[in-house]
Amino acid sequence: MTEKHEHVSDADAGFVLSTLEPDQLAEAKRIGVPRRRLRGGELALLWALRIYVVFMLAIVLWQAWIATR
Amino acid sequence: MSIGTHSRVPEGDVVVTHEDIDRARDRAKVRAARMTRGLRGRAWLLWLLIGPGILVMLGENDGPSMLSYAGTGAQYGLGFFLPFVVLTFVMALIVQEMTVRLGAATHRGHAELIFERFGPFWGWFSMIDLGIGNFLTLITEFIAVRAGAGFFGIPPWAAILIALAILYSALLSHRYWTWERVTLLAAAFNLIFIPVALLTHPHWSAISHAFTDWKPLPPLDKTTVLFILSNIGATVTPWMLFFQQSATVDKGLTTRDIRFGRLDTFFGAALAAAAAIGVIIATAPLAHHISTANFEAAQFAQALEPSIGHIGAALFALGMIEAGIVASITISTSSAYAFGEVARKPHSLNLPVGEGKSFYAVLCLCAAAAAGIVLIPGLPLVFVVLVVNVIAVLAMPPALVFLYLLVNDKEIMGGVKSPHWANLLAGLVVLLLTAAGILYGISAVAPNALAWLGAH
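Computed from a predicted structure; not experimentally measured.

1. Focus on the packing of helix α5 (residues 81–106) of chain B against helix α19 (residues 420–445) of chain B
Residues and elements named next belong to chain B.
Stage number 1. Look at α5 against α19: their axes get within 10 Å of each other, and the N-to-C directions meet at 125°. Taken as axis vectors, α5 and α19 run oblique relative to one another. Crossing of α5 over α19 shows left-handed handedness. Contacts from Met-91, Ile-94, Val-95 and Met-98 of α5 reach α19 at Ala-422, Leu-425, Ala-426, Val-429 and Leu-432.
Stage number 2. When its residues are assigned to classes, the contact of α5 with α19 shows nine nonpolar, no polar and no charged.

Here it is, written out as structure tokens:
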């Protein structure tokens with residue numbers, strides 16, 4: 001593995017590579033985490049909670065509108 | 001991170017940035033502290049590793065939260081809500097501990113993980129929840145600053161400009177460490193509410209009675225349900241998940257630091273709970289004497305003046321200003337982190353402005369836009385204050401399910417995957433939050449049903 005740095009000295013680069021875990025480098029974060037498929041039960045729970053949020057939000061807005069009138 | 005710790009780093013060139021150098025300097029200090037034996041070494045290590053937990057908890061003791069606690073004290077006095085607030089901080093502790101583990105194990109922010117692990121469809125849902133919640137909350141922070149400054153006769157435009165100047169100056173160092181310490185120093189002023197509470201010469205027997213048997217109980221009616229939701233929303237909110245995980249990553253914590261991350265979160269919860277209880281005790285003398293509907297910070301301070309004097313009232317108003325300023329710093333930072341993670345732009349407080357243009361632009365623009373809205377005459381700002389904590393409670397269960405799925409994901413968590421007891425507690429928190437939301441829905445749609453529930 002070769003090292004390339006932007007306006008960074010070799011000493012600094014060596015210090016960084018010996019101090020940080022490989023995944024802590026800013027460059028490493030440009031590579032995505034593999035996708036995970038959600039299972040049926042998980043999807044059902046997420047959809048149920050999404051509907052709950054939308055429904056409850058409508059109630060909150062209605063109540064707040066009444067309160068401010 | 002467990003997934004491809006070695007494989008995901010490119011086999012070719014490794015690019016080292018200034019952000020990495022700054023983070024490595026902080027980590028080198030941690031390494032040196034670990035090698036120092038004895039109590040001094042432990043204390044030094046703790047000092048180096050604390051930050052995100054205390055900041056997130058004291059940051060959440062923000063303008064609307066303090067107004068909620070003040071309203072609670074003024075409405076119900078000393079009773080059920082004192083231990084209830086402690087319970088809400090226990091819930092916050094359970095939830096935030098998971099973000100410490102997630103950040104330390106994956107070195108990724110919360111928004112980034114949801115997008116990449118579950119795809120953009122669910123990622124955007126989370127981001128919309130976060131974006132709306134953060135922006136509305138930011139507005140209320142500046143409302144608190146404006147209201148608190150009003151006690152001292154400072155005009156709104158000047159109060160808002162001062163708050164923005166403090167927020168922007170915390171960023172000037174372009175170093176996470178300096179930003180964290182400056183914000184921690186500002187957050188320490190949250191504890192100002194404790195001496196204010198002591199100035200009221202509180203009824204210690206009533207306080208101990210409240211903590212031992214949760215009494216007197218409030219009536220189960222619409223107002224009480226609203227206060228229950230406001231107090232939960234004052235402690236457990238989605239931005240806290242995003243902020244603490246991103247700050248943990250930016251600080252550079254690793255799995256070896258999780259124990260200290262937990263301590264940091266515990267200290268934060270304890271300090272924030274003490275300040276919140278301080279506000280309830282401070283405003284308890286107002287119970288049954290005033291109507292708290294649409295009450296603002298300056299009015300609370302003025303109403304308290306006969307019982308705690310001008311200095312006490314001034315401290316209360318100062319506390320409100322501090323709560324607004326610190327939360328505006330942490331919440332706008334949380335928005336900027338999330339934007340950078342999703343847009344795949346550099347996102348760190350260690351970035352020089354040139355390398356982090358989009359990060360700093362989002363942070364500064366969010367704050368400026370929220371501050372500007374507060375200055376527009378005639379806008380129904382009370383409406384925002386009323387709904388912001390309730391919206392936070394409603395948005396929490398879906399956010400917690402994502403958090404639950406992520407901390408139980410062995411592929412990314414490896415050996416620090418959630419144990420069964422943590423899952424059980426997290427499940428209880430989701431159930432409690434959902435039940436509180438449903439109770440609010442019942443109180444709004446069918447108040448008679450709530451009365452029936454109360455009677456039985």
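2. Here's the deal with helix α9 (residues 176–188) of chain B
Residue and element names in this part refer to chain B.
Stage number 1. The terminal C-alpha atoms of α9 lie 18 Å apart, and with 13 residues this matches the ideal 18 Å at 1.5 Å per residue to within 8%.
Stage number 2. The set of residues buried in α9 consists of Tyr-176, Trp-177, Trp-179, Glu-180, Thr-183 and Ala-187. On an axial view of α9, the arc spanned by its buried residues comes to 160°, and they lie on one face.

3. Some details on the nonpolar core
Stage number 1. The biggest cluster of nonpolar side chains holds 159 residues, and the ones touching the most others in it are B:Ile280 and B:Phe316.
Stage number 2. Top contributing element to this core by residue count: helix α15 (residues 297–343) of chain B, with 22 residues.
Stage number 3. Residues in contact with B:Ile280, not counting those within four places in the same chain, are B:Tyr69, B:Thr72, B:Gly73, B:Phe81, B:Leu82 and B:Val85.
Stage number 4. Counting eight residues, the second largest nonpolar core, distinct from the first, contains A:Val16, A:Ala28, B:Val14 and B:Ala24.

4. Points about the interface of chain B and chain A
Stage number 1. At the interface, 52 residues of chain B touch 45 residues of chain A.
Stage number 2. Those elements that provide at least two residues to the side of chain B that touches chain A are β1 (13–16), α1 (18–35), α6 (110–118), α7 (120–151), α17 (381–407) and α19 of chain B.
Stage number 3. Among the elements that make up the side of chain B that touches chain A, the one with the highest residue count is α17(B) (twelve residues).
Stage number 4. The residue inventory of the side of chain B that touches chain A, partitioned by class, reads 30 nonpolar, ten polar and twelve charged.

Conventions used here
Positions within a chain are numbered from 1, following the residues in the order the chain's sequence is written. Each chain is given a letter, starting from A, and each ligand a number, starting from 1, according to the order in which they appear as written. Side-chain atom pairs in this predicted model are given and counted only at pLDDT of 80 or more, local residue features only at pLDDT of at least 70, and totals for whole chains, interfaces and linings cover all residues. Helix axes are fitted only over the stretch in contact, all axes being lines through C-alpha atoms; the angle between N-to-C directions runs from 0 to 180 degrees. Here a helix means four or more residues in a row that DSSP labels H or I, a strand means two or more in a row labelled E, and each is numbered from the N terminus. Note on terminology: angles under 35 degrees are roughly parallel, angles over 145 are roughly antiparallel, angles of 65 to 115 are roughly perpendicular, and the others are oblique. Crossing handedness follows the turn of the near helix against the far one: under a right angle anticlockwise gives a left-handed crossing, and clockwise gives a right-handed one. Our contact criterion uses C-beta atoms placed from the backbone: two residues qualify when those atoms are within 7 Å. Each residue receives one of three labels: charged for Asp, Glu, Lys and Arg, nonpolar for Ala, Val, Leu, Ile, Met, Phe, Trp, Tyr, Cys and Pro, and polar for the others, Gly being one of them. Expected span of a helix, by definition, is 1.5 Å for each gap between consecutive residues, and there is one gap fewer than residues. Exposure classification rests on a simple neighbour count of other C-beta atoms within 10 Å of a residue's own: a residue reaching 20 or more is buried, one at 12 or fewer is exposed, and one in between is partly exposed. C-beta atoms are placed from the backbone. The arc in question is traced by the directions running from the helix axis to the C-beta atoms. Definition of nonpolar core: a set of buried Ala, Val, Leu, Ile, Met, Phe, Trp, Tyr and Cys residues joined via C-beta atoms within 7 Å.

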